Amino acid sequence: MSAWVRRNRWFLIALGVLIPTAIVVSLVPRWFPYQEIQPQPEAVELGETVRYSGADIQLTALEVLDGAEVGAAAGADVVVATFAIDVVEPPEVALCRVHIVSNEAGFERFWDSELFVSDYRVPDRFEQTCSLSEVGSYDLQMTFLVPRGEVLNPVVELSSSAALPRVLRLS
Amino acid sequence: MRRALAVPAGLGLLLLAFGVAYSTPGAPQVEAPFVVTGGVGDQIVSQHLVATVNDVALAEVVELNSWTGTTSGVWLVVDATVEARIERTGVEANLFIAGVRYPGTNRTSTDTVDGRVADAGFPVTGAILIELPADVQTMPGAAAAVLRLSPGIDARLDSVIELTLDLTPLDVAGRVELATPRDGAR
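Because the structure is predicted, anything quoted here is derived from the model rather than measured.

**Description of the overall build of chain B**
Reasoning step 1: Within chain B, the regular secondary structure consists of two helices and 13 strands.
Reasoning step 2: By the compact-globule yardstick of 16 Å for 186 residues, chain B is too spread out, its C-alpha radius of gyration being 22 Å.
Reasoning step 3: When burial is assessed residue by residue, chain B has 42% of its 186 residues classed as buried.

**So, the domain arrangement of chain A**
Reasoning step 1: By the assigned domains, chain A splits into domain 1 (2-36) and domain 2 (40-170).
Reasoning step 2: For domain 1 of chain A and domain 2 of chain A, the distance between their C-alpha centres works out to 47 Å.

**Focus: the interface of chain A and chain B**
Reasoning step 1: Between chain A and chain B, the residue contacts involve 14 residues of the former and nine residues of the latter.
Reasoning step 2: Summed over both partners, the interface of chain A with chain B buries about 870 Å², with 53% contributed by carbon and sulfur atoms.
Reasoning step 3: Joining chain A to chain B, the criterion identifies two salt bridges.
Reasoning step 4: Of the charged contacts in the structure, one is a salt bridge between Glu114 of chain A and Arg88 of chain B, with a shortest N-O distance of 2.3 Å.
Reasoning step 5: Linking chain A to chain B there are three residue pairs in polar contact (both at pLDDT 80 or more).

**Some points on the packing of aromatic side chains**
Reasoning step 1: All chains considered together, the criterion is met by three aromatic pairs over all chains.
Reasoning step 2: Ring centres of Trp31 of chain A and Tyr34 of chain A lie 5.7 Å apart, and the angle between their planes is 35°; this geometry places the pair in the tilted category. With a gap of three residues between them, Trp31 of chain A and Tyr34 of chain A both fall in helix H3 (residues 31-36), about one helical turn apart.
Reasoning step 3: Owing to a relative accessible area of 41%, Trp31 of chain A belongs among the partly exposed residues under this scheme.
Reasoning step 4: Classification of Tyr34 of chain A by relative accessible area gives partly exposed; the value is 42%.
Reasoning step 5: Note on Phe18 of chain B and Tyr22 of chain B: the rings are 6.4 Å apart at their centroids and 20° apart in plane angle, and the pair reads as stacked. Of this pair, Phe18 of chain B and Tyr22 of chain B both sit in helix H1 (residues 2-23), four residues apart, which is roughly one turn of the helix.
Reasoning step 6: Under the relative-accessibility criterion, Phe18 of chain B is labelled partly exposed at 47%.

What counts as what
Residues numbered from 1 in each chain as written. Chains lettered and ligands numbered in written order. Predicted model: local features only at pLDDT ≥ 70, side-chain atom pairs only at ≥ 80, totals over all residues. Heavy atoms only, no water. Helix = DSSP H or I, 4+ residues; strand = E, 2+ residues; numbered from the N terminus. Rg over C-alpha atoms; globule rule 2.2 N^0.38 Å. Buried < 20%, exposed > 50% of the residue type's maximum accessible area, 1.4 Å probe, protein only. Domains from an automatic or database assignment. Contact = heavy atoms within 4.5 Å. Buried area = accessible area lost by both parts, 1.4 Å probe. Salt bridge = Lys/Arg side-chain N within 4 Å of Asp/Glu carboxyl O. Polar contact = N/O pair within 3.5 Å; in protein donor to acceptor, adjacent residues only side chain to side chain. Phe/Tyr/Trp six-rings, centres within 6.5 Å; stacked < 30°, edge-to-face > 60°.

Right, dumping it as structure tokens:
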């Protein structure tokens, strides 16, 4: 057996090199482009202003309201996120999405914004939908339902289709 | 000696090639969903959904809210608690009997726990209704019907929940009154 190995050592070494190389080469056209389009979160502190998708974006307040106190649905708390947004150089098309993210369950969970989720009412001076497609500044406030007592330190994820894969994680 | 071996070796390789060709998985196998299984009463966790089937029954007529569901067949009434695991997702229910798919009914609008969206951490308990042939209990495969809960109609390469149900010993109730989905577990 050892004689066979010795006789074929160069072939075996070549296999040892070529098989991993073939695997990597086969991944190049799919795996690496897939990785490149995955969201790339950028952490932004509360109160910090960041230029994103042609807009200056600042998370000015983020609070979790006790669902029982604001008449939310059973088993829910309400997260209120407030932004100051100044759209300076809007892209032609920019679909803005805002989520709450929490990894307090041991893995990341996401919640979409909801209107009229409780007795809490967004004051009239705030917009309630995120838009990054027109020049101008405005204050934005969005509400989210999260499971009661399970989200104590929420993070707001804001993304624009024009700026992907970069996304903001504000908290 | 080598020449004598060449012909059988060639035939052997040819047979091997046929074997490989015929055993290569087709689209149904390659695109099959990733299944998480469990039984009635188990909390089953897939990538997208967390579900518990609390009870299973058959009924001739169901009443849900102000809607009366009549059928020339029979209703499979599944009491289930469903929530999303990671993010908002759809909930689709299908029953497979000997490979034939019977979808959750859409005759009830959103008064069932399927055919609507679920959010992470917000369990909803209610009914899943599936219309089946009247003779379902004598059909081949009725003893091993598969209830599938998935986030969408297209479950290819997706994570799904499946329970095997024996429909043959179930009593068929005449009329069953059901409640609309409510928040929380059972």
